[in-house]
Amino acid sequence: EFPDEPPADGCVHPAHFCLRCMVDHLEKSNVCPSTNCHKELPDGLKKNYEHELTFLFPVPSLKKTVLPQSADGTSDRFIVAMLLNGDHRSIAFDEAQKISDLKIEISKYLQADVKKQKLFFNQNNEEVELKENTSNGESATLGTYGVSAGCTIRVIILLYSTNHLIEDCVFDLCWEYPGSEPDFLDTTALFYNDKTPVATFDYQHLNHPSFKNGCVRHSGDLLDLKKKIGHYMITVRFQELPENVNRVFFVLSARNSPTIARFKRLRLSFFDKKDPNTQLCKNHVASLPNVQAVIMCRVDKLPTGEWNIYDNGNFSNGNAKNYDPIHQKIQAKLGE
């Protein structure tokens, strides 16, 4: 559990201190602890190390979350609210609690805007959305949907809802080389039918036979060798995608560097060309952790034909040379 490189650019020594020791040290000082070094450490380093520790030593799956126990040894009346990235909170269960009130409680703990929350509950292996009102307009409660103590409620944050008039959406990323030689923070679009991969668009796969009329375009490697800047652009016309595609994931991954944390001065934009000032994806790249890949966001097709964009921010192993760990992470999350 040691950092894979010295803590600051000016450090010429190996990484002597483990990640946990560095986190403890950064609580008290922002100077390199190595003997005779004393270089000032960059802002955000503590957060990066904490992210890496979380990735290396993840908390147990929520399916194994131990809920509070009552005096007689039975599980207290709690449910678990869980975001896509794994953040979660145990909430006292009340069968009569309104779904609208549950969303307010979730917003307090998980920083999830009430108006953008969608809540789902696995009922007899079927995913049921917990809507605020019943079909006859009455306020729905947890009891309405048969939710019981010990259940997990999945919380999905809706970032943006498109309509049938949408044209081109652009996922645009620029980065600075992590060293003197070119390296690549690969930008990938993974297209799914439910839980099954359908197609991959990246620097190696610029076309696919079932994606007609340029409905998806990947720029390939764009490099400014003088300024040491890399650039990718993916354009997607969602309304022209093949019928069997109903889900898209946008992924960033380090091609040659061991982690995405080595890339600097990142600029990410995801927008509809009709409204370029509205960003469709939260920027998870302000402070990249020491992981190989991050699944930035997920775009789902609704039965109405509209496309909804959801926050994601899951970290993963894998990169454009081997997508298997990324697919496994996605499929595991879809199966929860």
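Small disclaimer: the values here were computed from a predicted structure and weren't measured. Residue positions within a chain follow its written sequence, with the count starting from 1. A pLDDT threshold of at least 70 governs which residues receive local features in this predicted model, and a stricter bar of 80 or more applies before side-chain atom pairs are shown or counted, although totals over entire chains, interfaces and linings include all residues. Excluding hydrogens and water, the side-chain figures rest on all heavy atoms present in the structure.

Trainee: Help me understand the overall build of the protein in this model?
Mentor: Helix and strand counts for the protein stand at four helices and 15 strands. Relative accessibility decides the category of a residue: with a 1.4 Å probe and only protein chains considered, values under 20% of the type maximum give buried, values over 50% give exposed, and everything between is partly exposed. In the protein, which comprises 336 residues, the share counted as buried stands at 45%. Across the protein, every contact between residues at least 6 apart in sequence was considered, and the portion connecting residues at least 24 apart equals 63%. Accessible surface, the protein: about 17200 Å² in total, of which carbon and sulfur atoms supply 47%. Here a strand is any run of E in DSSP of at least two residues, a helix any run of H or I of at least four, and the numbering for each starts at the N terminus. Note on contacts: a residue pair is in contact if any heavy atoms of the two residues lie within 4.5 Å. Each accessible area is a Shrake-Rupley result for a 1.4 Å probe, and residues are judged covered by the shown protein chains and nothing else.

Trainee: Help me understand unusual backbone geometry in this model?
Mentor: A positive phi angle, close to 55 degrees, is found at Asp 194, a residue other than glycine. Within the fold, Asp 194 resides in the loop between β7 (185–193) and β8 (196–201). We note that Lys 228 has phi near 60 degrees; this positive angle belongs to a residue other than glycine. Note on placement: Lys 228 falls in the loop between β10 (222–224) and β11 (229–237).

Trainee: Just to check I follow, could you spell out the confidence of the model for the protein for this structure?
Mentor: In low-pLDDT segments, the atomic positions of the prediction should not be examined closely. When pLDDT is averaged along the protein, the result is 80; 82% of the residues meet or exceed 70. Per-residue confidence from the predictor is reported as pLDDT, a score between 0 and 100. Across the protein, β8 holds the top mean pLDDT of 96, while helix α2 (residues 45–56) sits lowest at 68.

Trainee: What am I meant to see in the pairing of strand β6 (residues 168–176) here?
Mentor: Along any regular strand the residues' side chains alternate between the sheet's two faces. In terms of burial, β6 is largely enclosed, as eight of its nine residues are buried. Pairing of β6 with β11, which is carried by nine bridges, proceeds in the antiparallel orientation. Bridge pairing in β11 places Asp 168 opposite Arg 237. When DSSP finds two or more bridges between a pair of strands, those strands are recorded as paired. Where β6 lies against strand β13 (residues 264–272), seven bridges are found, and the strand directions are antiparallel. Looking at β13, one finds that Val 170 is bridged to Phe 271.

Trainee: I keep staring at the nonpolar core and nothing clicks. Help me out?
Mentor: Nonpolar side chains in soluble globular proteins tend to end up buried together. Trp 175, Phe 191, Phe 211, Val 216, Leu 241, Val 248 and Phe 250 are the most contacted members of the largest nonpolar core, which totals 37 residues. Breaking this core down by element, the ones donating at least two residues are β6, β7, β8, β11, β12 (247–254), β13, β14 (293–301) and β15 (307–316). When neighbours within four sequence positions are excluded, Trp 175 is seen to be in contact with Asp 183, Phe 184, Leu 185, Lys 228, Ile 229, Gly 230, His 231, Tyr 232, Phe 263, Lys 264, Arg 265 and Leu 266. Here, the term nonpolar core denotes a set of buried Ala, Val, Leu, Ile, Met, Phe, Trp, Tyr and Cys residues that are joined through side-chain atoms within 4.5 Å. Core analysis: the second largest hydrophobic core is formed by 22 residues, Ile 99, Ile 106, Val 128 and Ile 157 among them.

Trainee: Explain the side chain of Gln 97 here, please?
Mentor: For Gln 97, the location among the structural elements is in the loop between β2 (88–92) and α3 (99–110). Here Gln 97 falls in the buried class, since its relative accessible area comes to 13%. There is a polar contact of 3.1 Å between the side chain of Gln 97 and the side chain of Glu 105. With near-sequence residues (within four places) excluded, Gln 97 lies in contact with Ala 92, Leu 102, Glu 105, Ala 140, Thr 141 and Leu 142. Polar contacts here mean pairs of N or O atoms no more than 3.5 Å apart (in protein, one a potential hydrogen donor and the other a potential acceptor; neighbouring residues in sequence count only if both atoms are side-chain atoms).

Trainee: Explain the packing of aromatic side chains to me, please; I cannot follow it from the model alone.
Mentor: For any pair of aromatic rings, the description rests on two quantities: the centre-to-centre distance and the angle between the ring planes. Working definition: rings of Phe, Tyr and Trp (its six-membered ring) pair if their centres are within 6.5 Å, and the pair is stacked with planes under 30 degrees apart, edge-to-face with planes over 60 apart, and tilted otherwise. Per the counting criterion, the structure on display carries ten aromatic pairs. Summarising the aromatic geometry, the rings of Trp 175 and Phe 263 are spaced 6.5 Å apart at their centres and angled 80 degrees between planes, so their arrangement reads as edge-to-face. You can see Trp 175 sitting in strand β6 and its partner Phe 263 sitting in the loop between β12 and β13, a full 88 residues away along the chain. Each member of the pair Trp 175 and Phe 263 is classed as buried. Where Tyr 192 meets Phe 249, the ring centres are 5.4 Å apart and the plane angle is 75 degrees; that geometry is what we call edge-to-face. On the criterion of sequence distance, the pair formed by Tyr 192 in strand β7 and Phe 249 in strand β12 is long-range, its members being 57 residues apart. Taking the relative accessible area as the measure of exposure, Tyr 192 reaches 0% and is therefore buried. A network of ring pairs unites the aromatic residues Phe 171, Phe 250 and Phe 270 as a single cluster. When the NZ atom of lysine or the CZ atom of arginine is within 6 Å of a ring's centre and also within 35 degrees of its normal, the charge is said to sit over that ring. In this structure, Arg 255 packs its charged tip against the face of Phe 184, placed 3.8 Å from the ring centre.

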